[in-house]
Amino acid sequence: AGSTYMLQIGTFPGALGGSGTFDISAFVPATNDDCSNAAAISGTGTFAFDNSAATTGAEGQNEYICYDFGSSAVDNDVWFAWTAPSNDTFKVETCGITSTDTKIASWPGSACPTAGTILACNDDTCGLQSQIMFPGTAGSTYMLQIGTFPGATGGTGNFAITAFVPAANDDCSNPDAISGLGVFAFDQTTAT
């Protein structure tokens, strides 16, 4: 604020000069650009994110399970401190609700993550969008890192958090009764 800077506007060597306009804009990262200032959210549903002006912080960049396509980095990351509503497995995804090339990670706790404690990380489950699943405990807080694949441009969009409640026949003490021959359907999407 109050500083003066010199700007030089020129042409590529050999190109003809001309007239035009240029724009000076302020670069203002999102308030949740750093894990120490994560946006608090809770429950299930759809939540908006904007990492179009986000920077790439030092936290959450070197986890082995995030290593996809030659890099473990999560660029242009924004952070959310999410409180789980129940004791279930939760899915966090950007599939079909953004056009941004996302990469997502989750961590236990409500503070900046400690290396080696990552719960889940994903890049490109559904096209260029991401999906992770991890177990949650009611009332516990988890850090969600929503970013992009290294080199991709940040953007805006939504991510959804849904609870996966295990099917009634998830445990051997409560099997589904079937009999005879034939084709039988099964669904282990939410199985533990």
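Going along each chain's sequence as written, the residues are numbered from 1 onward. Totals for whole chains, interfaces and linings use all residues, but because this is a predicted model, local features are given only for residues with pLDDT of at least 70 and pairs of side-chain atoms are given and counted only at 80 or more. Side-chain numbers come from the whole structure's heavy atoms, not from hydrogens or water.

Visitor: In this structure, what is going on with the sheet that holds strand β5 (residues 102-108)? I would like to understand it.
Guide: What links the strands of a sheet is backbone hydrogen bonding, and the strands pair in either a parallel or an antiparallel sense. Paired strands are those between which DSSP finds at least two bridges. Helix and strand definitions here come from DSSP, where helices need a minimum of 4 consecutive H or I residues and strands a minimum of 2 consecutive E residues; each element is numbered from the N-terminal end. Strands sit in the order β1-β3-β8-β5-β6 across an open sheet of five strands; the sheet is mixed. Every other strand in the sheet has two partners, leaving β1 (39-42) and β6 (120-123) as the edge strands with one partner each. Averaged over neighbouring strand pairs, the angle between their axes works out to 20 degrees when direction is ignored. Note: strand β3 (residues 75-83) against strand β8 (residues 141-148), seven bridges, orientation antiparallel. Looking at the pairing, Thr-83 lines up with Thr-141 of β8. Inter-axis angles, ranging from 0 to 180 degrees, are taken between N-to-C directions of lines fitted to C-alpha atoms, where helices are fitted over the stretch in contact.

Visitor: Explain the packing of aromatic side chains to me, please; I cannot follow it from the model alone.
Guide: The way to describe two aromatic rings as a pair is by their centre distance and the angle between their planes. Only rings of Phe, Tyr and Trp enter the pairing, Trp through its six-membered ring, and a pair is recorded when the two centres are within 6.5 Å. The plane angle decides the type: under 30 degrees is stacked, over 60 is edge-to-face, the rest tilted. A full pass over the atoms with the stated rule returns six aromatic pairs. Ring geometry for Trp-82 against Tyr-142: centres 5.9 Å apart, planes inclined by 40 degrees, an arrangement best described as tilted. Taken as a pair, Trp-82 in strand β3 and Tyr-142 in strand β8 lie far apart in primary sequence, 60 residues in all. Overall, Trp-82 belongs to the buried group, its relative accessible area being 0%. Only protein chains enter the accessibility calculation, which uses a 1.4 Å probe; a residue whose area is less than 20% of its type maximum is buried, one above 50% is exposed, and one in between is partly exposed.

Visitor: How do you make sense of the state of the cysteines when you look at a structure like this?
Guide: By definition, a disulfide links two cysteine residues through a covalent bond between their sulfur atoms. In this description, a disulfide is simply a cysteine sulfur pair whose atoms lie within 2.5 Å. Applying the stated criterion across every chain, the model contains three disulfides. Across the disulfide from Cys-66 sits Cys-121; the S-S distance is 1.9 Å. Taking the sign of the S-S torsion, about 110 degrees here, the bridge from Cys-66 to Cys-121 comes out right-handed. Separated by 55 residues along the polypeptide, Cys-66 in the loop between β2 (45-50) and β3 and Cys-121 in strand β6 bring together distant segments of the chain. In this pair, the class of Cys-66 matches that of Cys-121, namely buried.

Visitor: Help me out: how do you make sense of the pattern of salt bridges in this one?
Guide: Side chains bearing opposite charge may pair, as long as their charged atoms lie close to each other. A side-chain nitrogen of Lys or Arg and a carboxyl oxygen of Asp or Glu constitute a salt bridge if their distance falls within 4 Å. Evaluation of the coordinates by the stated rule reveals one salt bridge. Here Glu-93 ties to Lys-91 by a salt bridge, and the two come within 3.5 Å at their closest N and O atoms. Across this residue pair, the class does not change: Glu-93 and Lys-91 are buried.

Visitor: Any chance you could explain a nonpolar patch on the surface here in plain terms?
Guide: A surface patch of nonpolar side chains, about 490 Å² in accessible area, is lined by Leu-7, Ile-9, Phe-22 and Ile-24. Tracing the sequence through the fold places Leu-7 in the segment before β1. Judged by its relative accessible area of 57%, Leu-7 is exposed. Excluding any residue in a salt bridge, patches collect residues exceeding 30% relative accessible area, merging like charges within 9 Å and nonpolar Val, Leu, Ile, Met, Phe, Trp and Tyr side chains within 5 Å. Using a 1.4 Å probe, the Shrake-Rupley method yields the accessible areas, and only the shown protein chains count as cover for residues.

Visitor: Help me understand the confidence of the model for the chain in this model?
Guide: Keep in mind that low pLDDT regions are not for reading the predicted coordinates in detail. Within a predicted model, pLDDT stands for the predictor's per-residue confidence, ranging from 0 to 100. Residues with a pLDDT of 70 or more make up 95% of the chain, whose mean pLDDT is 89. For the chain, β6 is the element with the lowest average pLDDT, namely 94, and β1 is the one with the highest, namely 97.

Visitor: Any chance you could explain the pairing of strand β7 (residues 131-136) here in plain terms?
Guide: On a regular strand, each side chain points to the face opposite its neighbour's, so the side chains alternate between the two faces of the sheet. Residues Ile-132, Phe-134 and Gly-136 point to one face of β7 and are all buried, whereas Gln-131, Met-133 and Pro-135, pointing to the other face, are not buried. Relative to β7, strand β4 (residues 88-93) is paired through six bridges, and the arrangement is antiparallel. Residue Asp-88 lies in a different strand from β7, and its bridge partner there is Gly-136.

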